[in-house]
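One-letter residues, chain by chain:
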Amino acid sequence: MTARILNGIETAAEIKSELRTRVARLAERGIVPGLGTLLVGDDAASRSYVTGKHRDCAEVGAASISVELPSTADLAEIADAVRGLNEDPAVTAFIVQLPLPARVDENAILELIDPSKDADGLHPVNLGRLVLGVDPLTAPAAPLPCTPAGIVELLDRHGVELRGARVAVVGRGITVGRPLGLLLTRRGADATVTLTHSRTPDLAAEIRRADIVIAAAGAPHLVKPDWIKPGAAVLDVGVTRVGTTASGRAKLAGDVDPAVAEVAGWLSPNPGGVGPMTRALLVSNVVEAAERNAALLVEATVGA
Ligand code: NAP
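Residues numbered from 1 in each chain as written. Predicted model: local features only at pLDDT ≥ 70, side-chain atom pairs only at ≥ 80, totals over all residues. Heavy atoms only, no water.

Named according to an unreviewed UniProt entry, the chain is Bifunctional protein FolD originating from Microbacterium ureisolvens. In its Function (unreviewed entry) section, the UniProt entry covering the chain states "Catalyzes the oxidation of 5,10-methylenetetrahydrofolate to 5,10-methenyltetrahydrofolate and then the hydrolysis of 5,10-methenyltetrahydrofolate to 10-formyltetrahydrofolate." Looking at the Pathway (unreviewed entry) heading of the UniProt record, one finds this comment for the chain: "One-carbon metabolism; tetrahydrofolate interconversion." (UniProt positions renumbered as here; feature names shortened; annotations may be inferred.)

This is the structure we're talking about:
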């Protein structure tokens, strides 16, 4: 193996340690950031994701508020729960754990989230702000999508230069590929991005030109070693269940053929790469929302 590791576990731990300091600073002013979660039904994977998010919050000293509904809940009941989280002052930002039951219109529910309380950064208003290039630090409420923001942070903290780099993103999905393209081409990031998908005529040729390859397709071992420019950074984001282990656990595969490690200069492992970064950036969005609220409070006091 020649590639150096883009270590998401260590980098996420570093981010959480910084968040702990910021949460302590907020606590001095009597502010406790709180992540709300809404879980509908009893899907084991969804429950385990929600539990993990609560654990991440506890690690940095943030609170978490859990709302659960049975799988029989209808659109009106779920909408009521979202409105409750919008109005709960203990909830700084929240997520609706997906998937919702098939009969419920997910987009209709997600649009009910107050954009200033959108922990995932995927509300249409916040995606619109990303399109418009609004600076997330100065805009009144503009959380970034967690996985794309986690990817940029992972590259940045390992010194992988984005400015001037050619980046091939595989997958145009709304949680990763499409917003990632927007983030990487913002002024300041200044990468040149090719956003590919299942209809791209010659995917290998697009990837061979890239200094950085980010695979978010959900297609096991799609990206082959002979597609990679020697020394390129490769990030494996996709996760697909490909079977069951002898102990009955889900067997998962990433989008990148493991042999890519022999050609790439940098490789994010999967698991242990982008996954922990996504979780850290979710907590970061909650803390940032609390800091924005605190700043607005100061402005209101000064203006009064
Ligand atoms: P999505 O909405 O399903 O999008 C998948 C994209 O991949 C689509 O644009 C699809 O193209 C493209 N694609 C599929 N097979 C392809 C192929 N053989 N060649 C080229 N492109 C192909 O998925 P998503 O929500 O963006 O997530 C993408 C993957 O990342 C999933 O595996 C998901 O589980 C994973 N993920 C990981 C994390 C993490 O933290 N590690 C977080 C979020 C998501 P078309 O548009 O043409 O169909």
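Brief notes about the sheet that holds strand β3 (residues 63-69)
Strand order in the open sheet formed by three strands is β3-β2-β4, and the pairing between neighbours is parallel. Looking along the sheet, the strands with just one partner apiece sit at the ends: β3 and β4 (93-96). Across the sheet, the axes of successive neighbouring strands diverge by a mean angle of 15°, strand direction being ignored. As paired strands, strand β2 (residues 34-40) and β4 are joined by four bridges and run parallel to one another. By the bridge assignment for β4, Leu35 is matched with Ala93. (Pairing = 2+ DSSP bridges. Helix = DSSP H or I, 4+ residues; strand = E, 2+ residues; numbered from the N terminus. Axes fitted to C-alpha atoms, helices over the stretch in contact; angles between N-to-C directions.)

Brief notes about the domain arrangement of the chain
For the chain, the domain assignment lists domain 1 (29-114) and domain 2 (146-274). Using only C-alpha atoms to locate each centre, domain 1 and domain 2 end up separated by 29 Å. (Domains from an automatic or database assignment.)

So, the UniProt feature "binding site: NADP(+)" (unreviewed entry) in the chain
In the numbering used here, UniProt assigns the feature "binding site: NADP(+)" (unreviewed entry) to Gly171, Arg172, Gly173 and Val239. Structurally, Arg172 can be placed in the loop between β5 (166-170) and α7 (177-184). Non-local contacts of Arg172, meaning those with residues more than four positions away in its chain, are made with Gly177, Arg178, Leu195, Thr196, His197 and Arg199. Here Val239 lies in the loop between β8 (233-236) and β9 (240-244). Exposure remark for Val239: the relative accessible area of 49% places this residue in the partly exposed category. Not counting the four nearest positions on each side in its chain, Val239 is found in contact with Leu252, Ala253 and Asn270. (Contact = heavy atoms within 4.5 Å. Buried < 20%, exposed > 50% of the residue type's maximum accessible area, 1.4 Å probe, protein only.)

Quick word on the UniProt feature "domain: Tetrahydrofolate dehydrogenase/cyclohydrolase catalytic" (unreviewed entry) in the chain
The feature "domain: Tetrahydrofolate dehydrogenase/cyclohydrolase catalytic" (unreviewed entry), as given by UniProt, occupies residues 6-120 in the numbering adopted here. Regarding residues 6-120, the helix share stands at 49% and the strand share at 16%, and the terminal C-alpha atoms are separated by 23 Å.

Here's the deal with the site of the ligand
By nearness alone, 20 residues border the ligand, and Arg172, Thr175, Ser198, Val239 and Thr278 come closest of all. In this structure, an oxygen atom belonging to the ligand sits 2.4 Å away from a side-chain N or O atom of Thr175. Note that an oxygen atom of the ligand is positioned 2.8 Å from one of the side-chain N or O atoms of Thr278. Within the complex, 66% of the 930 Å² of free accessible area of the ligand lies under protein. No other element matches helix α9 (residues 274-303), which puts three residues into the shell around the ligand. (Near = heavy atom within 4 Å. Polar contact = N/O pair within 3.5 Å; in protein donor to acceptor, adjacent residues only side chain to side chain. Areas by Shrake-Rupley, 256 points an atom, 1.4 Å probe, with all protein chains shown as cover.)

Topic: the pattern of salt bridges
Opposite charge on two side chains lets them pair, provided their charged atoms get close. For the structure shown, the criterion picks out 16 salt bridges. For Glu291, the salt bridge identified is with Arg22, shortest N-O distance 2.8 Å. Placement of the pair is Glu291 in helix α9 and Arg22 in helix α1 (residues 8-28), with a sequence separation of 269 residues. Residue classification places Glu291 among the partly exposed positions, given a relative accessible area of 25%. Overall, the relative accessible area of 23% leaves Arg22 in the partly exposed class. Residues Arg157 and Glu153 are paired through a salt bridge, measuring 2.8 Å at the closest nitrogen-oxygen approach. With Arg157 and Glu153 both in helix α6 (residues 146-157) and four residues apart, this pair spans about one turn of that helix. With a relative accessible area of 25%, Glu153 lands in the partly exposed category. One salt-bridge network, in which partners are shared between bridges, spans Glu14, Glu18, Glu153 and Arg157. (Salt bridge = Lys/Arg side-chain N within 4 Å of Asp/Glu carboxyl O.)

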